[in-house]
Amino acid sequence: MLQEESDLSLIIAQIVQKLKGSNLYSQLERQAWASLQRPEIKLESLKEDIKEFFKISGWEKKLQNAVYGELSVFPLPSHPAAPPEHLKEPLVYMRKAQGSWEKRILKSLNSMCTELSIPLARKRPVGEQKELLNKWNEMGTDEPDLSLFRPVYAPKDFLEVLINLRNPNYENGDSLSFRTHLGLIQIPLKVKDIPELKECFVELGLNTGQLGIDDSTQVPPELFENEHVRIGQKVLAEQDSAAAQQYIRQGSPTALRAELWALILNISSEPEDVLYYEQLKTNVIQHDLLVDSLIYKDVKLTASNDDYYFVFEDYLYQVLLCFSRDTSVLSHFAYNSASPPKSYIRGKLGLEEYAVFYPPNGVIPFHGFSMYVAPLCFLYHEPSKLYQIFREMYVRFFFRLHSISSHPSGIVSLCLLFETLLQTYLPQLFYHLREIGAQPLRISFKWMVRAFSGYLATDQLLLLWDRILGYNSLEILAVLAAAVFAFRAVNLMEVTSLAAAEVMRNNRRIIIWCGIPVYTLLKLE
Amino acid sequence: MSRILVPCHVKGTVALQVGDVRTSQGRPGVLVIDVTFPSVAPFELQEITFKNYYTAFLSIRVRQHTSAHTTAKWLTCLRDYCLMPDPHSEEGAQEYVSLFKHQSPSMTFPKWLSHPVPCEQPALLCESLPDPSRVSSEVQQMWALTEMIRASHTSARIGRFDVDGCYDLNLLSYT
């Protein structure tokens, strides 16, 4: 059999095996059994009749959506000889760098534990459990003393690690070259140039209608908006994930966004999902984790201080505390270059049967982590649905923003894409900023790590995140970052220090039309 | 049809350089790896598997002994097979690669790759979707692999993170 056909069989086998463990599989089984009662199902043509029934009743569509979801998330099966680490990250030096970075984080967390004499995890006494259960919906009113806690790391610490990444096989020679000395990222990853970006983001071209631009009050709605909304309603009626993903590239109407995102992410709120969330809540009540204090601190420092998001403070605790207890998140480490931290039950150090992951979901939050959840609170008000959406967004996209990998949507590639775009198309600006000690990446890094959450007005941000979902890629973040610089190029040429450049950037909101700066950049050619 | 690993001896790389003098600036772009097969019995080579490390293009030449009387000839099986689409970037730099034997009617070799594998191979692929029943029978063959994958997955969705109700932890482990 040809190699390509065997690859296809392998992909199918993997997807089948993955879906077999899902709710959808048991539902399909139940439906198939129930359908035997129906008159149109005949024994002679059982297989065909059941397939036909699934098609008519919409179950085939659900299965298609599930398969499409798996294909979007899971990387293609790699070579049979490749070990699991290769799937996480193919480049050995990147894996090593990620390992060192993780070790630093572990050390930092351990020293915090030792200094504060607080265990990583403990079971709550019954009285404390009752108390927490009573104030579950208003945890924001709590004012615990968090002064001794500090975030494990901030984005700027992470940036320093990325700046120091080196490929041991890459030699620049002694001579000066643009690549080595102008930008901060020194890794020769392949990033798209403008022609390739134009091809990739073809729906963002000037000739295609966009929400956020072509639905402004000056533009008559008959020209674009009405038709776009109508198509969106049709896509939702068809319940087709792939169509929704294609549709949302031009932006989502506000009224349809919550449903469209749920369709693309393949989230349906079944009773099992609500039960699962309740189970996580029980886990939060029963066990107290050090990570909880980090979450509290982060929410208090970031989202609670934000004009748009402070109202959602309670929701954020309800989502993030449960997220830390969710072991299903562990499965994403198969394709994440990071690995979950390990610990041992007290007194059983070294005994594998007492080895556990900490926190249970393997993700240690950093400063600003809660900002990944905050914008979603505008879309979803039911906690278990909000939770599912966030979890799916995290395991599909956000994890790439804070782990070291060579993936095209990984933060290293995004940084390099940003720097390359700026150097290539705005060399004067780049040079000027460098000369005044304001390397552009130092300014834009925090925007990209947070996917612009907290740096864009919420309606703008949601339009941006529409495109992340639509293109299944985070590259748009680097393009937007470069476009912002392009948009403000004239002003930036006049600043004379990093501080001034930062002030220009760090207005709480960069109030710009999300689409226009992207066009500005995309038509630079 | 079962396949077995053929024992082979991979010699160290030799740089191809013009002239004898090795200067620090003259970095050779071509390295040669000799592979010999100590086993005497003839075999049909089906697949060569290796892990790349920053090689951009690969050529394979084989020396075949046909009989005791004729001298051994060198044949090029593969010329400039592309492993890295852009040699200056990381794409393909550390990937695992397999090269397969393809039947060529004009040559009958008791061993070795019998037909060069051209870079344009993707054009040989069938454009249409494969036949579902054939694919499903191939899926059966892949089942051993999925069983192996399944063994490494926890099946329980509502996974417990504690050990017998206990989750008292002191410090994180570095190993």
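Shown above is the structure to which this text applies.
Analysis parameters
- Residues numbered from 1 in each chain as written.
- Chains lettered and ligands numbered in written order.
- Predicted model: local features only at pLDDT ≥ 70, side-chain atom pairs only at ≥ 80, totals over all residues.
- Heavy atoms only, no water.
- Helix = DSSP H or I, 4+ residues; strand = E, 2+ residues; numbered from the N terminus.
- Buried < 20%, exposed > 50% of the residue type's maximum accessible area, 1.4 Å probe, protein only.
- Contact = heavy atoms within 4.5 Å.
- 1 Å grid on protein atoms, 1.4 Å probe; cavity = no way out; pocket = protein on both sides within 12 Å on 5 of 7 lines; lining within 4 Å.
- Points joined across faces, edges and corners; volume = space filled by probe spheres on them.
- Nonpolar A, V, L, I, M, F, W, Y, C, P; charged D, E, K, R; others polar.
- Polar contact = N/O pair within 3.5 Å; in protein donor to acceptor, adjacent residues only side chain to side chain.
- Salt bridge = Lys/Arg side-chain N within 4 Å of Asp/Glu carboxyl O.

(A) A look at the environment of L469 of chain A. All names here are of chain A. Secondary-structure assignment places L469 in helix α21 (residues 458–471). For L469, a relative accessible area of 1% gives the class buried. In the structure, L469 is positioned 208 residues away from W261 in sequence and 7.7 Å away in space, judged by C-alpha atoms. Non-local contacts of L469, meaning those with residues more than four positions away in its chain, are made with Q245, I248, W261, I264, L265, M393 and F397.

(B) Seen up close, empty space enclosed by the protein. Residue and element names in this part refer to chain A. Applying the stated criterion across every chain yields a total of 5 cavities of 30 Å³ or more. Lining of the second largest cavity is provided by P151, V152, L294, K297, D298, P365, F366 and H367. The residue inventory of the lining of the second largest cavity, partitioned by class, reads 5 nonpolar, 1 polar and 2 charged.

(C) Layout of the side chain of D240 of chain A. All names here are of chain A. Relative to the helices and strands, D240 is located in the loop between α11 (225–238) and α12 (241–247). In this structure the side chain of D240 is engaged in a polar contact, spanning 3.0 Å, whose partner is the backbone nitrogen of A242. Among the polar contacts listed, one links the side chain of D240 to the backbone nitrogen of A243, at a separation of 3.2 Å. Filtering out sequence-adjacent residues up to four positions away, D240 remains in contact with K61, N65, V235 and L263.

(D) The pattern of salt bridges, seen in detail. Residues and elements named next belong to chain A. According to the stated counting rule, one finds 22 salt bridges over all chains in the structure shown. A salt bridge links R249 to E203, with the shortest nitrogen-to-oxygen separation between them at 3.2 Å. Taken together, the positions of R249 in the loop between α12 and α13 (254–264) and E203 in the loop between α10 (194–200) and α11 put the pair 46 residues apart, joining distant regions of the chain. Judged by relative accessible area, R249 falls into the buried class, the value being 17%. Looking at E203, the relative accessible area reads 12%, which means it is buried. K342 serves as the salt-bridge partner of E352, at 3.5 Å between the closest nitrogen and oxygen. A residue pair is termed long-range when its members are at least 10 positions apart, and E352 in the loop between β3 (342–345) and β4 (355–357) and K342 in strand β3 qualify at 10 residues. Beyond isolated ion pairs, a larger network of salt bridges with shared partners links R122, R124, E128, D288, D292 and R325.

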